[in-house]
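Here is how the chains run, residue by residue.
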Amino acid sequence: MKINEKEFETLFKQYKKDIYRIAYTYVNNEADALVIVQESAYQAYISKDKIRDKNKFKSWILNITVNKSKDLLRKNKLISLEDLSNVNTMQAENKESVNIFMENLKALSMDEKNVIVFKVYVESIREKNSGRISFW
């Protein structure tokens, strides 16, 4: 069963905060994250006939968002997560720990950084849902 335009709009609106959160986690910049959201929406819309199950829309659109985020990082030659000092949710007890973390993070491959991004995302969902994960 194909997703029609109205269903697409409803589903996209339902998950737009998650889409933005994933994009921002990768690029750590509001303007770039908004560009990624827009590009993800466009890509998903022109490809909406490819998804047959509305229940898989969230994972599908988030996958598109991750790919668009990676594309932008490659295009701009940015290092994802490099400036974690601007992330409001991170509270370090001492600056030395943050510096060590940042140095270790720079040495990771993109795949390893992706694991950290998704871990942070899952933890934020877990906190939001009082310790239980129910985002899929």
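Residues numbered from 1 in each chain as written. Predicted model: local features only at pLDDT ≥ 70, side-chain atom pairs only at ≥ 80, totals over all residues. Heavy atoms only, no water.

(A) Quick look at the packing of aromatic side chains. Tallied over the full model, the rule gives 6 aromatic pairs. A centroid spacing of 5.7 Å and a plane angle of 85° characterise the contact between phenylalanine 8 and phenylalanine 57, whose relative ring orientation is edge-to-face. A residue pair is termed long-range when its members are at least 10 positions apart, and phenylalanine 8 in helix 1 (residues 5-27) and phenylalanine 57 in helix 3 (residues 57-76) qualify at 49 residues. Each member of the pair, phenylalanine 8 as well as phenylalanine 57, carries the same accessibility label: buried. These aromatic residues form a ring-pair network of at least three members: Phe8, Phe12, Tyr15, Tyr45, Phe57 and Trp60. (Phe/Tyr/Trp six-rings, centres within 6.5 Å; stacked < 30°, edge-to-face > 60°. Helix = DSSP H or I, 4+ residues; strand = E, 2+ residues; numbered from the N terminus. Buried < 20%, exposed > 50% of the residue type's maximum accessible area, 1.4 Å probe, protein only.)

(B) Geometry of the nonpolar core. Judged by nonpolar contacts, the single largest core of 24 residues is most densely connected at Phe12, Ile19, Val27, Phe57 and Ile61. Mapped by element, the contributors of at least two residues to this core are helix 1, helix 2 (30-46) and helix 3. With 9 residues, the single largest contributor to this core is helix 1. (Core = buried A, V, L, I, M, F, W, Y, C linked by side-chain atoms within 4.5 Å.)

(C) Main features of the pattern of salt bridges. A full pass over the atoms with the stated rule returns 5 salt bridges. A salt bridge links aspartate 18 to arginine 21; the nearest nitrogen and oxygen atoms lie 3.0 Å apart. With a gap of 3 residues between them, aspartate 18 and arginine 21 both fall in helix 1, about one helical turn apart. Residue classification places aspartate 18 among the buried positions, given a relative accessible area of 9%. Under the relative-accessibility criterion, arginine 21 is labelled partly exposed at 26%. Three or more residues are tied together by salt bridges with common partners; here these are Asp18, Arg21 and Lys58. (Salt bridge = Lys/Arg side-chain N within 4 Å of Asp/Glu carboxyl O.)

(D) The arrangement of helix 2 in detail. The terminal C-alpha atoms of helix 2, which comprises 17 residues, lie 24 Å apart, in line with the 24 Å expected from a rise of 1.5 Å per residue. Among the residues of helix 2, Asp32, Ala33, Ile36, Val37, Ser40, Ala41 and Ala44 are the ones counted as buried. Next to the buried residues of helix 2 lie helix 1 and helix 3. For helix 2, the side-chain oxygen to backbone nitrogen distance between the N-cap and alanine 31 is 2.9 Å, and the N-cap itself is asparagine 29. (Expected span 1.5 Å × (residues − 1). Contact = heavy atoms within 4.5 Å. Polar contact = N/O pair within 3.5 Å; in protein donor to acceptor, adjacent residues only side chain to side chain.)

(E) Summary view of a nonpolar patch on the surface. On the surface, a cluster of nonpolar side chains totalling about 330 Å² of accessible area is made up of Tyr42, Tyr45 and Ile46. For isoleucine 46, the location among the structural elements is in helix 2. (Patch = residues over 30% accessible without salt bridge, like charges linked within 9 Å, V, L, I, M, F, W, Y side chains within 5 Å. Areas by Shrake-Rupley, 256 points an atom, 1.4 Å probe, with all protein chains shown as cover.)

(F) Broad picture of the confidence of the model for the protein chain. For the protein chain, per-residue confidence averages 77 on the pLDDT scale, and 67% of positions sit at 70 or higher. No element of the protein chain has a lower mean pLDDT than helix 5 (residues 110-128), which averages 68, and none a higher one than helix 2, which averages 93. The low-confidence segment residues 82-92, where pLDDT is below 50, has 14 contacts with residues more than four positions distant or belonging to other chains. Taken together, the stretch residues 132-136 has pLDDT below 50 and engages in 12 contacts with residues farther than four places along the chain or on a different chain. (pLDDT = per-residue confidence, 0-100.)

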